[in-house]
Amino acid sequence: MPDMSEQRPSRLEPPRIQRRSFLSLAALSSFFGAVSVALAGVLRLPKPAVLPGPVRRFKIGFPDQFAVGSEARFEQETFFVFRDAQGIYAISGVCTHLGCSVARSAQGFACPCHGSRFGATGSIVGGPAPRGLPWLEVGRAADGQLVVYADNEVAAGTRFRV
Amino acid sequence: MAEPSQAAATREFVENLRHLPRTVKDAWFRLGRVPESEREESQATFHNLFLHIHSVRIHVRSLAPALTLGLGLIATASFVLLCITGVLLMVYYKPSTALAYDSIKDLHYVVFTGRFIRNLHRWSAHVMVIAVFLHMARVFYTASYKRPREFNWLVGLGLLVLTLGLSFTGYLLPYDQLAYWATMIGSNIANSPRELTDAIGITKWFDPGGFQRRLLLGANYVGEDALIRFYVLHVFVLPVLLVTLLSVHFWRIRKDGGLAKPEDAPGGAAEWGGTMKRVFEPLATKTYGLMALVKGRRPPVNRGPENTVMSWPHLFWAELAVFMASTALCLILSFYLDAPLKELANPAVPENPAKAPWYFLGLQELVSYSAFMGGLLIPLITWIGLAMIPFLDRRGGGEGVWFGTPGERRMAWQSLLFGLAAAVGLLALTVNFGWLRSWFPKIHQLWIIAINPGSILVLLYAGWSLGVLRRRNSVRLAAVALFTCFLAGFTVLTYFATVHRGPNWQFYWWPSHWPVH
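Since we're looking at a predicted model, the values are computed, not measured.

Caption draft 1: Region of the structure containing the overall build of chain A. Each helix and strand counted, chain A has one helix and ten strands in total. The order of helices and strands in chain A, counted from the N terminus, is α-β-β-β-β-β-β-β-β-β-β. The dimensions of chain A, computed from C-alpha atoms along their principal axes, are 105 × 40 × 25 Å. A total of 162 residues make up chain A; the buried ones form 27% of that total. Considering only contacts within chain A whose residues lie at least 6 apart along the sequence, 36% involve residues at least 24 apart.

Caption draft 2: The overall build of chain B, seen in detail. For chain B, the count of helices and strands is 21 helices and two strands. Along the longest, intermediate and shortest principal axes, the C-alpha atoms of chain B span 105 × 65 × 50 Å. Long-range pairs, those at least 24 residues apart, make up 74% of the contacts in chain B between residues at least 6 apart in sequence.

Caption draft 3: Layout of the environment of Gly32(B). All names here are of chain B. The topology assignment puts Gly32 in the loop between helix H2 (20-28) and helix H3 (38-46). Given 9 C-beta atoms within a 10 Å radius, Gly32 is considered exposed. The spacing of Gly32 and Leu242 is 210 residues in sequence and 35 Å in space, taken between C-alpha atoms.

Caption draft 4: Just the environment of Asp26(B), in detail. Relative to the helices and strands, Asp26(B) is located in helix H2. Residue class for Asp26(B) comes out exposed when judged on the 12 C-beta atoms lying within 10 Å of it.

Caption draft 5: Structural context of the sheet that holds strand E5 (residues 103-104) of chain A. Residue and element names in this part refer to chain A. Taken together, four strands build an open sheet; the order of strands is E5-E6-E7-E8 and the sheet is antiparallel. Two strands bound the open sheet, and with one partner strand each, they are E5 and strand E8 (124-126). With three bridges connecting them, strand E6 (residues 108-110) and strand E7 (residues 117-119) associate as antiparallel partners. Bridged to Ala110 within E7 is Arg117.

Caption draft 6: Examining the sheet that holds strand E10 (residues 146-154) of chain A more closely. Residue and element names in this part refer to chain A. Spatially, six strands are ordered E1-E10-E9-E4-E3-E2 in an open sheet, and the strand pairing comes out antiparallel. The strands lining the two open edges of the sheet, one partner per strand, are strand E1 (57-61) and strand E2 (71-74). Across this sheet, the average inter-strand angle for adjacent strands is 30°, counted without regard to direction. As paired strands, E1 and E10 are joined by four bridges and run antiparallel to one another. Residue pairing in the sheet places Arg57 in a bridge with Tyr149 of E10.

Caption draft 7: Local environment of the domain arrangement of chain B. All names here are of chain B. For chain B, the assigned domains are domain 1 (31-262 + 286-341) and domain 2 (353-517). At the level of elements, helix H8 (114-141), helix H9 (150-172), helix H10 (177-190) and helix H11 (193-199) are the ones that each hand at least two residues to the side of domain 1 that touches domain 2. Element by element, the count of residues in the side of domain 1 that touches domain 2 is highest for H9, at seven residues. Of the residues that constitute the side of domain 1 that touches domain 2, the class distribution is 22 nonpolar, five polar and six charged.

Caption draft 8: Here's a closer look at the nonpolar core. Ala90(A), Val148(A), Met128(B), Tyr175(B), Ala179(B), Ile185(B) and Ala481(B) are the most contacted members of the largest nonpolar core, which has 127 residues in total. Ranked by residues supplied to this core, first place goes to helix H21 (residues 475-499) of chain B with 14 residues. Mapping this core onto the domain boundaries places at least three of its residues in each of domain 1 (31-262 + 286-341) and domain 2 (353-517) of chain B. With residues up to four places along the chain from it excluded, the contact list for Met128(B) reads Ala75(B), Ser78(B), Phe79(B), Leu82(B) and Thr163(B). If you look at the next biggest cluster of nonpolar residues, it comprises eight residues, including Ala44(B), Ile58(B), Val309(B) and Met310(B).

Caption draft 9: Spatial organisation of the pairing of strand E3 (residues 79-84) of chain A. Residues and elements named next belong to chain A. Pairing of E2 with E3 involves four bridges; the strand directions are antiparallel. In the sheet register, Arg73 faces E3, and the bridge partner there is Phe80. Here E2 folds back onto E3 in antiparallel fashion, the turn holding four residues, of which Thr78 has a positive phi close to 50°. Bridge count for E3 against strand E4 (residues 87-92) is six bridges, and the pairing is antiparallel. Residue pairing for E4: Phe82 is matched across the bridge by Tyr89. In sequence, E3 turns back onto E4 through a hairpin of two residues.

Caption draft 10: Examining the confidence of the model for chain B more closely. Residues and elements named next belong to chain B. Across chain B, the average pLDDT comes to 87, with 91% of residues at 70 or higher. Overall, residues 267-288 carries pLDDT values under 50, and its contacts beyond four positions in sequence, including any with other chains, amount to 35 contacts. Between residues 295-305, whose pLDDT stays under 50, and residues either more than four places distant or in other chains, the model counts 26 contacts. Here the prediction assigns the complex a pTM of 0.87, and the interface score ipTM is 0.81.

Caption draft 11: Main features of helix H17 (residues 408-433) of chain B. Residue and element names in this part refer to chain B. Between the first and last C-alpha of H17 there are 37 Å, a value that for 26 residues agrees with the 38 Å anticipated at 1.5 Å per step. Among the residues making up H17, those that are buried are Glu408, Met411, Ser415, Phe418, Gly419, Ala422 and Ala423. Tucked into the core, H17 has its buried residues touching helix H20 (453-472) and H21. One or two positions beyond H17, positive phi appears at Gly434, with a value near 80°.

Caption draft 12: Molecular detail of H20(B). All names here are of chain B. With 20 residues, H20 extends 28 Å between its outermost C-alpha atoms, agreeing within 8% with the 28 Å of an ideal straight helix rising 1.5 Å per residue. Within H20 the residues assigned to the buried category are Pro453, Gly454, Leu457, Val458, Tyr461, Trp464, Ser465 and Val468. An end-on view of H20 places all buried positions within 145° of arc, on one side of the element. Residues of H20 that are exposed and point more than 90 degrees away from the buried face comprise Leu459, Gly463 and Arg470.

Caption draft 13: Expanded view of the packing of H17(B) against H21(B). Residue and element names in this part refer to chain B. Across the interface, H17 lies against H21 with an axial gap of 7 Å and an inter-helix angle of 40°. H17 and H21 meet at a crossing whose hand is right-handed. Note on element contacts: H21 touches H17 through Leu477, Val480, Ala481, Thr484, Cys485, Ala488, Gly489, Val492, Leu493 and Phe496, opposite Glu408, Met411, Ala412, Ser415, Leu416, Phe418, Gly419, Leu420, Ala423, Val424 and Leu427. Across the contact of H17 with H21, the residue classes break down as 16 nonpolar, four polar and one charged.

Caption draft 14: View of unusual backbone geometry. Here Arg147(B) and Pro148(B) are connected by a cis peptide whose omega angle stands at 5°. Mapped onto the fold, Pro148(B) is located in the loop between H8 and H9. Here the residue pair Trp312(B) and Pro313(B) is connected by a cis peptide bond, since its omega of 5° sits within 30 degrees of zero. Inspection of the secondary structure assignment puts Pro313(B) in helix H14 (residues 311-336). A positive phi angle, near 50°, is found at Thr78(A), a position not held by glycine. Examined against the element boundaries, Thr78(A) turns out to sit in the loop between E2 and E3.

Caption draft 15: Structural view of the pairing of strand E9 (residues 135-140) of chain A. All names here are of chain A. As judged from the two bridges shared by E4 and E9, these two strands associate in the antiparallel manner. Note that in E9 the partner of Ile91 across the bridge is Trp135. In this structure, E9 lies alongside E10, joined through six bridges in antiparallel fashion. Each bridged residue has a counterpart across the sheet, and for Val138 the counterpart in E10 is Val148. Between E9 and E10, which pair antiparallel one after the other, the connecting turn spans five residues, and Gly144 there sits at a positive phi close to 95°.

Parameters at a glance
- Residues numbered from 1 in each chain as written.
- Chains lettered and ligands numbered in written order.
- Predicted model: local features only at pLDDT ≥ 70, side-chain atom pairs only at ≥ 80, totals over all residues.
- Helix = DSSP H or I, 4+ residues; strand = E, 2+ residues; numbered from the N terminus.
- Buried ≥ 20, exposed ≤ 12 C-beta atoms within 10 Å, placed from the backbone.
- Contact = placed C-beta atoms within 7 Å.
- Pairing = 2+ DSSP bridges.
- Axes fitted to C-alpha atoms, helices over the stretch in contact; angles between N-to-C directions.
- Domains from an automatic or database assignment.
- Nonpolar A, V, L, I, M, F, W, Y, C, P; charged D, E, K, R; others polar.
- Core = buried A, V, L, I, M, F, W, Y, C linked by C-beta atoms within 7 Å.
- pLDDT = per-residue confidence, 0-100.
- Expected span 1.5 Å × (residues − 1).
- Arc of directions from axis to C-beta.
- Left-handed = near helix turned anticlockwise from the far one by under 90°.

Here is the structure:
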C-alpha cells in the first residue's frame, strides 16, 4: 500500500482541497461578505441623500431700486449686490477659506476670521483663501423683481443687463 | 428519616427572615471585613469584577508617584466625571437649534446645581485633554512605548483622537456664537481637501472634502442636522468607542506585564516605605499556580527576587488618592470659574475672532495660512509620526525611567530650545513680513497649500531629528529630538493663537489691546 504522506505537494500536482475545508472556507467568506455588506450599508446611511435646507434664491427688489454705481449688502443672505454701467452683479459674502462672512473694506472685502483679503471684484488679494469670492447668478422673476440665485456660481464678470 | 413537620419549615423560614439583613450583607460583602492575610488581600482583588483588572501583586516601582505622576488615572478620573455630569446635563439639554441655547441657559440660571454641573463638565473636559497630552509625554519620555508595548501606544493614540473628537463635538452643543462659528470653521476644515482638488481641477469627479463636510453636517450649512449629528457622536458613538478602547488600553497594561520598568537588579529588593518585604524567595524550587500569588515559593524562572507588594491595599489607596485629587481639582475649578456662554448663534455675523478651544488653537494658527495643509495634513503627519515611534525605535533600554538612556535629558533640553526658537522665529517672520501672498500676489494656489509655516516647521524638525540620528547614532535620541520639537511647536502655536491673535486674526501683544467696536 503506497504511503500517502510520502507524496510531496508540487506546483504541478497540488494537494487536493478537502471538501470539508472548502465548505468551511465558503462559509467563512460568506460570513465576512455579509458583514462587510452590512457595514457598508451602515456607513452609507449617514451620507445625506437629500440635502435639507431652503432653496437659496432671493428676490432683492426692482432694478430701479439699484442706481448705477450703487451697492447693497444682504446680510442674512450673505451676498453683496452691485450695479455699474454694464449691469447688475452679485458677489458672495462667504469667505472661500473657512466660511466666515466677509465685510467690505477699502480694498474690496476682508474676512474677520483669518485675514483673507479680496479685491473689489472678489479676486483674491491676500491671506489663506484658496480662491476669490464667487459671483452669483442674477436673473429676473416673473413679477419683474431681480432674483439672486445664491447656489449658482457664474464666471466673474458676468453681469445681468437691465 | 421523618419528614420535617410543617411547623419546622415555618420555623426555618422565620429564622431565615430574621437573619435576612446579615445573610444579604454576607452575600454582598463576601469577606465582611478588611482583608488581614495576604491570601485574603489577593482574593479581594481577583474576586471583584472592578478590581481584577489589576494584578494581585504589583511592582513597587509602579507605585512610585514620580514614575507616572498618575496622569493616566487623572485622565480616567476626569472621564468618569464627564460621564456622570454628561448624563445629568442630558436630562435638560434639548438637541435642537430652537431649544438648545435656551436649555443651556436654563441649566445655567434655573436648574438646581445646573450651573455647577455644567462647569464641572467643562472643567473635567479640560483636565482630561491636558492629562491625556501629558500622559503621552510621560509614556514617551520614560520610553514606555517600547516592545512589547507598541500596540498599547497605538491604542493610546486612538484614545487621543477620541478625546479631541469628544471635545470638538461637545463644543457645538450650546449653540451659541462661539459654538456655531467654531463648528463652521471645523466643518470647513473637513471640506478643505477641496482646495487641492479645486487647484488641480478634479472636484467635479472626486470631492472627498465635500463628502466629509456633508457627512459631518448632514447638510450644506451648520443647522439642525449638524446639531443632531454632533449630539449623537458626543453622547453615544464617541463615548462608546472611547470606553471600548480604554478597556483594551487597561487590559494591555496587564498583558504587557504592568507598567514599564527596568529589570530588577539581581539579589536586591527595593525599599518601599520602610515596610518592604522580600516576598518571593530567590531560587525557589517548586510549586506553580496560584500559590505563587501569595507568600511562598515561586516557580523557578531565571530571575532575581521580585519587588512586588499586594495590590490591596497599596495600589488601591494610591488610585483612590489620585481619583479624589482629580475630582477635588475639578470641583474647585467649577466652583470658582463659570463655563462661558456667548449670544445665541447668528449665522449672519461671525464671532470675531472665532476661536476654537485652546487645544485646537495651534492648528487654527496653521489653518490661517492654508486650511488643507494646516488643518488636515500636518495633524495627520504628526499623528502618523507618533504612531511610528515604537516601530522605528526598537532597541530596548531605559524603559520605565525618565530620560533613561545616556544623553537623553540633554537632548531633550537642546531640542526644546531648537523647537521653541524655530516656532517663535517662524511666527515672528510671518507677523512682521507676511507670508507667501504678501510677497507674490500672483502665486499659484498649489504653493499656498504646500508651503504653510507648519510644513516648514515639520521640515525643520525632521531635519533636526535626522541630524541627531546621524551625529549621535541613536534612534532613541532622534525620537526624543523629534518628539520634543513637536511638543515645543505645539506649545508655541497654541500659546500664540490663544494670547496674540485678536480680531481679524491680527497680531496683538495682549487681548486688552484689541480694538473696541
